[in-house]
Amino acid sequence: MSSVPENVAGRSPERTQVFAYINADNAPLYRTIMRVFTESKQRFLFQLRPQDVLEAVRISVGQETSGQPEIDSGLEQLCEWGNLQKHPDTTSVGTVDDFLKQRYVFQITRHGEAAERALAFFDAAREADGELQSTALADIRYLVQELKQLSREAEPDAGKIHRNLLVLRTRFEDLSASAQAFIERLERSVHLQSVVGARQLIDYGERFVGDVVLAADSIGETIRDLGAAGLERLIQAVAESNVRGPIAATPEGIAAVCDQWRSDWKRFRDWFISHAGRPSNAEMLRERARTLIPALLGVITNTNDRQIHRIDRFNDFRVLARWFAEAESDAEAHRLWRTVFGLCPARHLIINDQTLDEYEARQVPANTSWLEAPPVRIAMRPRDYGRFSPAADLSCIIDRTAEKEKLAAAAHEEALRILSAQGRFGVGGRMRLSELEHLETGEFDLFVGLLGEAVSARVFANEPVEIFSGDGRLRVKLEPTGDGREALILTTNGVFRGPDHWISIEHILSVDGVLR
């Protein structure tokens, strides 16, 4: 029979102040007491007496910082907040006086335990500070492949499915957290113009985004192959296997478990597969990285330039602004202005002897205004290095005719190779990549350029795409074959290997430049 304070027993879970002890005056003692109850429950000791709590607190702290009155007060306060609950202690009753004297044992509540777990998770996340991991993608790829194989079995193993789904959910959370931490660090570095660890962050980001781009298509294809029907069989098997007992094994309980797994799978699927009007999280990660990494590289370049060229216009204006701000009066500011911006006698002009004699005779101070000073007469003849400078000998001109002819011949040969390659590919016919078999150097360069543009313009791996070449003279159409075959093309540099596709390359301009 339990005894719970009235202000806690009649309170709904939403109004339970289980986090009130975090910011209370005696918060360290409350945290220590709650930690004692959490560790005791892990050792299957659910009920503790005040004396047991006092001894555990002293062992945890390492010194006698609290007495029994402080422990009793802390236990009562935690019961009022709903973190603990107390029950009458009747185990040590030997006499009537012992029965009449109120003694209690204390036990952590479900909400109190949830609050401690939340605080532990918060502390762990704060200490981790967004760890960057790159191994989750390989695990996810393996897990979805295994789920795909299990979905094809007549009677799949429910325990194995459940383990794979649990591990998949954990590794997906790790992947999502790593992606968020990576983008957050990039944005913070760009915003704060910080280069501390920027090079390592960029190197990690290039590898991480590259792995995501390569793995996203494979994982997305496996998810599509798994399909709604195969996934539903797996979820139903897991739900029926995990929900046991005559009370829990109800249609409502099974439906609740299935809904939870469907929600988790939808979140996982949306991370790798794009929908109409909504790109996948993998695509958004790539776009954000493609925007932020060049910006961070610009920050690194600017910082290096400032370190190499320590005197630049930006720093000069900052120093000048500080000097003006530290000027004691307007007169000092005006003197600084004249000194900095060269408001002084024109020293590049020649003053004749008559003007110098006049200045010496009048003894004009240096701070005399130009309006009050005598006029300055300058010589009309320019300096010797002006237009009257003696003409120098002409420098020798090197004849580059032979080099120009070599460059022209190389350009002509390159143009012929490109025209030859365009003539082979630009026939407009539809062919497989595997039918090309062998390509020369010029043909392979043109082919790889067109194929790369077509693949980068494609959003989904199983959809056709049509593009135009950079000069607008070729129309390229790429279509997946859907039979899973592989194309091998021999080149002078090695073997080009990849999934087989239908490709058609067509000229859209005639010789005179008119559209066909």
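Conventions and cut-offs
- Residues numbered from 1 in each chain as written.
- Predicted model: local features only at pLDDT ≥ 70, side-chain atom pairs only at ≥ 80, totals over all residues.
- Heavy atoms only, no water.
- pLDDT = per-residue confidence, 0-100.
- Helix = DSSP H or I, 4+ residues; strand = E, 2+ residues; numbered from the N terminus.
- Contact = heavy atoms within 4.5 Å.
- 1 Å grid on protein atoms, 1.4 Å probe; cavity = no way out; pocket = protein on both sides within 12 Å on 5 of 7 lines; lining within 4 Å.
- Points joined across faces, edges and corners; volume = space filled by probe spheres on them.
- Nonpolar A, V, L, I, M, F, W, Y, C, P; charged D, E, K, R; others polar.
- Axes fitted to C-alpha atoms, helices over the stretch in contact; angles between N-to-C directions.
- Parallel < 35°, antiparallel > 145°, perpendicular 65-115°, else oblique.
- Left-handed = near helix turned anticlockwise from the far one by under 90°.

(A) How the structure looks around the confidence of the model for the protein chain. Scored by pLDDT, the protein chain comes out at a mean of 77, with 76% of its residues at no less than 70. The spread of mean pLDDT over the elements of the protein chain runs between helix α1 (residues 6–9), the lowest at 43, and strand β2 (residues 104–108), the highest at 88. Across residues 1–11, where pLDDT falls below 50, the model places 19 contacts with residues more than four positions away in sequence or in other chains. Segment residues 510–516 is flagged for pLDDT under 50; beyond a separation of four residues in sequence, or across chains, it makes six contacts in the model.

(B) Quick look at empty space enclosed by the protein. Within this structure, the stated rule accounts for two cavities of 30 Å³ or more. The volume enclosed by the largest cavity comes to roughly 120 Å³. Lining the largest cavity are L165, L168, R169, F172, E173, L231, I235, W261, D264, W265, R267 and F268. Elements with a minimum of two residues in the lining of the largest cavity: α8 (158–192), α9 (198–242) and α10 (251–272). Of the residues belonging to the lining of the largest cavity, the class tally is eight nonpolar, no polar and four charged.

(C) Summary view of the packing of helix α12 (residues 313–325) against helix α13 (residues 330–340). Viewed as axis vectors pointing N to C, α12 and α13 meet at an angle of 155°, and their least axial separation amounts to 9 Å. Regarding the angle of α12 to α13, the classification is roughly antiparallel. Every pair of crossing elements has a handedness; the one defined by α12 and α13 is right-handed. From α12, L320, W323 and F324 reach across to α13, where they touch A333, L336, W337 and V340. Among the residues forming the contact of α12 with α13, the class breakdown is seven nonpolar, no polar and no charged.

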